[in-house]
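# Analysis of the macromolecular model
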Amino acid sequence: METQKEIQNLLSELFKLIGIEVKAEITEEKQEEGTLYKIELDPGESTGLLIGAHGMTLSSIQSFLTIAMKQKTGDWVKISLDVAHWSEKQNERLVELAKQTAERARQTGEEKLYNLNANSRRIIHMTLAEEKDIETVSEGEGIDRYLVVRHNTKLKK
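Side chains that differ in sign of charge can pair as their charged atoms come close. Tallying each qualifying case throughout the model produces nine salt bridges. The partner of Glu28 in a salt bridge is Lys30, and the shortest N-O contact between them spans 3.5 Å. Residue Glu28 is classed as partly exposed on the basis of its relative accessible area of 32%. The salt bridge involving Arg106 is made with Glu131; its shortest N-O contact spans 2.6 Å.

This is the structure in structure tokens:
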């Protein structure tokens, strides 16, 4: 509960500085690796502003909160930030993209996915981890990093 209050205080301070009014609903989800703090923001008419191009603003706010909580508490706090269920819908799209890419890789041998951020690559890696005949690997550096999805005929489907 104390962590929720810290998160709420940081959000209030941040949005006061930005100059927009935002309501935040914070819930705790117990996981094997610890507690995930899920934050659903309701910025009213500022939804697009908070999401930003391709979710970059939302991702930046989430990163800021994570780092700020580390500085305040000394521990890494796992935070998932969402606005108007945008992140949830994006994750569903990425899971579908992963499945489609795996099918194409089965036909062509290998497929590459570009223009994905680290979190998007992670979601695709995790989605395809259960596919025994598919392997994924990130290659490249920095903004040129991309995801390779390979069909491995030596592995069973």
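What follows is about unusual backbone geometry. In this structure, His54 takes a positive phi of about 55 degrees despite not being glycine. In this fold, His54 is placed in the loop between α2 (47-51) and α3 (56-73). Even without a glycine there, the phi angle at Asn115 is positive, about 60 degrees. Its location among the elements puts Asn115 in the loop between β4 (110-113) and α5 (118-128).

A complete count under the given rule lists one aromatic pair for this structure. Ring centres of Tyr114 and Tyr146 lie 5.1 Å apart, and the angle between their planes is 35 degrees; this geometry places the pair in the tilted category. Of the two residues, Tyr114 sits in the loop between β4 and α5 while Tyr146 sits in strand β6 (residues 146-151), which places them 32 residues apart along the sequence.

One way to put it is that helix α4 (residues 86-108) packs onto α5 with a least axis distance of 9 Å and a crossing angle of 55 degrees. If you check the angle between α4 and α5, you find them oblique. The hand of the α4/α5 crossing is right-handed. Contacts from Asn91, Leu94, Val95, Leu97, Ala98, Lys99 and Ala102 in α4 reach Ser120, Ile123, Ile124, Thr127 and Leu128 in α5.

Think of a sheet as strands paired side by side through backbone hydrogen bonds, with each pair either parallel or antiparallel. Read from one edge to the other, the open sheet built from three strands follows the order β1-β2-β3, with strand pairing classed as mixed. Every interior strand has two partners, whereas the edge strands, β1 (23-31) and β3 (78-83), have only one. Pairwise comparison of adjacent strand axes, ignoring direction, gives a mean angle of 20 degrees for this sheet. Sheet topology note: the strand β2 (residues 34-42)/β3 ladder contains six bridges and is parallel. Within β3, the residue paired with Leu36 across the bridge is Lys78. Strands in contact with helix α1 (residues 2-18) are β1, β2 and β3; relative to β1, the strand with the most contacts, it is inclined by about 145 degrees.

Among the secondary structure elements, Leu14 is positioned in helix α1. Residue classification places Leu14 among the buried positions, given a relative accessible area of 16%. Counting along the chain gives 50 residues from Leu14 to Phe64, while the straight-line C-alpha distance between them is 9.7 Å. Leaving out residues up to four positions away in the same chain, Leu14 has contacts with Ile61 and Phe64.

Basis of the calculations
Residues numbered from 1 in each chain as written. Predicted model: local features only at pLDDT ≥ 70, side-chain atom pairs only at ≥ 80, totals over all residues. Heavy atoms only, no water. Salt bridge = Lys/Arg side-chain N within 4 Å of Asp/Glu carboxyl O. Buried < 20%, exposed > 50% of the residue type's maximum accessible area, 1.4 Å probe, protein only. Helix = DSSP H or I, 4+ residues; strand = E, 2+ residues; numbered from the N terminus. Phe/Tyr/Trp six-rings, centres within 6.5 Å; stacked < 30°, edge-to-face > 60°. Axes fitted to C-alpha atoms, helices over the stretch in contact; angles between N-to-C directions. Parallel < 35°, antiparallel > 145°, perpendicular 65-115°, else oblique. Left-handed = near helix turned anticlockwise from the far one by under 90°. Contact = heavy atoms within 4.5 Å. Pairing = 2+ DSSP bridges.

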